[in-house]
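Each chain, written out:
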Amino acid sequence: MRIIVCVKQVPDTNEIKINPETGTLIRDGVPSILNPDDANALEAALAIKDSCPDTTTVTAITMGPPQAKEMLKDCIAMGADEAILLSDRALGGSDTWATSNALASGIKQIGSYDLIFAGRQAIDGDTAQVGPQIAEKLNLPQVTYVRSLKLNDDCLTVERALENGYEIIDVKMPCLLTTIKELNTPRYKTVQGIMDSESADISVWNADDIGVDKHTVGLKASPTNVFKSFTPKPKGAGVYVSGGSPKEKVQILLSALEEKHVI
Ligand SMILES: Cc1cc2nc3c(=O)[nH]c(=O)nc-3n(C[C@H](O)[C@H](O)[C@H](O)COP(=O)(O)OP(=O)(O)OC[C@H]3O[C@@H](n4cnc5c(N)ncnc54)[C@H](O)[C@@H]3O)c2cc1C
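Residues numbered from 1 in each chain as written. Predicted model: local features only at pLDDT ≥ 70, side-chain atom pairs only at ≥ 80, totals over all residues. Heavy atoms only, no water.

Novice: How do you make sense of the nonpolar core when you look at a structure like this?
Specialist: Judged by nonpolar contacts, the single largest core of 34 residues is most densely connected at V5, L115, F117 and L177. Among the elements that line this core, the one with the most residues is helix α1 (residues 36-51), at seven residues. Formed by 25 residues, the second largest nonpolar core is a distinct cluster that contains L86, I110, Y113 and A118. (Core = buried A, V, L, I, M, F, W, Y, C linked by side-chain atoms within 4.5 Å. Buried < 20%, exposed > 50% of the residue type's maximum accessible area, 1.4 Å probe, protein only. Helix = DSSP H or I, 4+ residues; strand = E, 2+ residues; numbered from the N terminus.)

The structure is reproduced here in C-alpha cells:
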C-alpha cells in the first residue's frame with residue numbers, strides 16, 4: 001500500500017505577523033515546523049505502516065522553498081520512507097489553487113497510490129482549501145475533518161467531525177483524507193530516524209519534472225490576490241456579569257449597552 005502525506009512547513013507560531021507595507025508574512029526570527037495537522041496526517045500513515053510494515057510505503061511531499069528540506073527530514077526521522085520537495089521559482093507565490101495544481105501534478109508523477117493524507121488546515125495560510133482541491137484535481141473521493149479511521153481491505157471507515165457530533169463514512173481507496181488533531185498523537189522522532197534522515201536522499205522536483213502546466217502555477221497564475229492583510233488589534237477585557245437572577249443580569253446587560261449607545 002502506498003500512502004502519500006502532504007506536509008507543509010509553517011512558522012512556529014499561530015500569531016502570524018504581517019508586514020503592513022508588503023502584506024506578506026514576517027518569517028524572520030520565527031523558526032519553522034511541520035504544520036501541526038500534517039503531523040497528525042503523518043502519524044495516521046505511520047500507524048498503518050506499523051500494522052503492515054512490509055507492504056506499506058509512506059511518502060511525504062511538500063511544495064516550498066529549499067529550506068523545506070529540513071521539515072522533510074523531520075518526517076523521515078518520524079518514520080516516513082521517502083520525501084519529495086517540489087521547488088521551483090515558477091511555483092513561488094502560488095495561491096491555494098496554484099499550490100494544489102503543483103501538488104496534484106507531483107502526486108501524479110509519483111504514480112500509483114492508495115491513500116493521500118493532508119492536514120485539515122495550515123496554521124499560516126489557514127484556508128483548509130489545499131487538501132480538498134488536490135482531491136478534486138485527482139478526481140478522488142475525499143473525507144475532511146477525519147478524527148478516527150479503520151482500514152478494511154480496500155475501504156476505510158472514518159469518523160468525520162461535525163460541529164456537534166460526527167458522521168461515520170465508508171470510503172473506497174484510492175481517496176484523500178484531511179486530518180484533525182483529535183485523530184491521534186504524533187510520535188516523536190527516533191534517534192535512529194534522526195540519523196537516517198541526515199543521509200536521506202530527498203528528491204527535489206522542479207516544475208518540468210512534475211509536468212505541470214506553468215500557466216497554472218505561481219503568482220501570475222493565481223486567481224486570488226491579497227488586497228490587505230493586518231493583525232487585528234487585541235480585544236479589551238470583557239465584563240463578566242455575575243450574581244442576581246437571569247432577569248437582573250439581562251437588565252444589567254441592557255443598561256450597559258444603552259450606556260454605550262449600542263441600543
Ligand atoms: C488569497 C491568497 C493569496 C495568496 N497569495 C500568496 C502569495 O502571493 N505568495 C505566497 O507565497 N503565498 C500566498 N498565499 C499562501 C499560499 O497560497 C498558501 O500558503 C498555500 O496555498 C497553502 O494554503 P494554506 O496555507 O491555506 O493551506 P491549507 O489549505 O490550510 O492546508 C491544508 C493542508 O494542505 C496541505 N498543504 C498546504 N500547502 C501545502 C504545501 N505547500 N505543500 C504540501 N502540502 C501543503 C497540508 O497537508 C495542509 O495541512 C496566498 C493565499 C491566499 C488565500
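Novice: What should I look at first to understand the side chain of T179 in this one?
Specialist: Tracing the backbone shows T179 in strand β10 (residues 175-179). For T179, the residues in contact, after removing those within four places along its chain, are D37, N40, A41, F117, A118, G119, R120 and V146. (Contact = heavy atoms within 4.5 Å.)

Novice: What's the story with the site of the ligand in this structure? I'm lost.
Specialist: The immediate surroundings of the ligand are formed by 30 residues, with C6, K8, D38, T127 and A128 found nearest. Residue D95 places a main-chain N or O atom 3.5 Å away from an oxygen atom belonging to the ligand. The separation between an oxygen atom of the ligand and a polar main-chain atom of A128 is 2.8 Å. When the ligand sits alone it has 940 Å² of accessible area, and the protein chains cover 80% of it. Among the elements of the structure, β4 (57-63), α3 (96-110), β6 (115-119) and α4 (130-137) are those that each provide at least two residues to the shell around the ligand. Looking at the shell around the ligand residue by residue, the class counts come to eleven nonpolar, 13 polar and six charged. (Near = heavy atom within 4 Å. Polar contact = N/O pair within 3.5 Å; in protein donor to acceptor, adjacent residues only side chain to side chain. Areas by Shrake-Rupley, 256 points an atom, 1.4 Å probe, with all protein chains shown as cover. Nonpolar A, V, L, I, M, F, W, Y, C, P; charged D, E, K, R; others polar.)

Novice: Quick question: what am I supposed to make of the packing of helix α2 (residues 68-78) against helix α5 (residues 191-199) here?
Specialist: Between two packed helices, the angle of one axis relative to the other and the distance separating the axes together describe the packing. Viewed as axis vectors pointing N to C, α2 and α5 meet at an angle of 135°, and their least axial separation amounts to 7 Å. Considering their axes alone, α2 and α5 lie oblique with respect to each other. Note that α2 runs across α5; the crossing there is right-handed. Here α2 contributes K73, I76 and A77 to the contact with α5, which in turn contributes G193, I194, S197 and E198. Here the residues of the contact of α2 with α5 sort into three nonpolar, two polar and two charged. (Axes fitted to C-alpha atoms, helices over the stretch in contact; angles between N-to-C directions. Parallel < 35°, antiparallel > 145°, perpendicular 65-115°, else oblique. Left-handed = near helix turned anticlockwise from the far one by under 90°.)

Novice: Can you help me understand the state of the cysteines in this one?
Specialist: Two cysteines joined by a covalent bond between their sulfur atoms form a disulfide. Across all of its chains, the model carries zero disulfides by this definition. C6 forms no disulfide, and the closest cysteine sulfur to it belongs to C75, at a distance of 11 Å. Using a relative accessible area of 7% as the deciding quantity, one classes C6 as buried. The cysteine C175 is free of any disulfide, with C155 supplying the nearest cysteine sulfur at 8.5 Å. (Disulfide = S-S within 2.5 Å.)

Novice: Any chance you could explain the side chain of S197 here in plain terms?
Specialist: Residue placement: S197 occurs in helix α5. What makes S197 buried here is its relative accessible area of 3%. Setting aside chain neighbours within four positions, we find S197 in contact with K73, I76 and A77.

Novice: Quick question: what am I supposed to make of the pattern of salt bridges here?
Specialist: It is possible for side chains bearing opposite charge to pair when their charged atoms get close. Scanning the model with the defined rule gives 14 salt bridges in all. Notably, a salt bridge pairs D74 with K189, separated by 3.1 Å at the nearest N-O pair. One end of the pair, D74, is in helix α2; the other, K189, is in the loop between β10 and α5, with 115 residues separating them in the sequence. The class for D74 is partly exposed, based on a relative accessible area of 27%. K189 gets classed as partly exposed once you look at its relative accessible area, which sits at 42%. What you see here is one network of salt bridges that share partners, running through E43, D50 and R187. (Salt bridge = Lys/Arg side-chain N within 4 Å of Asp/Glu carboxyl O.)

Novice: Honestly, the packing of aromatic side chains in this entry has me stumped. Any pointers?
Specialist: Each aromatic ring pair is characterised by the separation of its centres together with the angle its planes make. Under the criterion given, the structure shown has zero aromatic pairs. Seen from the ring of Y166, R147 lies directly overhead, with NZ or CZ sitting 4.0 Å from the centre. (Phe/Tyr/Trp six-rings, centres within 6.5 Å; stacked < 30°, edge-to-face > 60°. Lys NZ or Arg CZ within 6 Å of the ring centre and 35° of its normal.)

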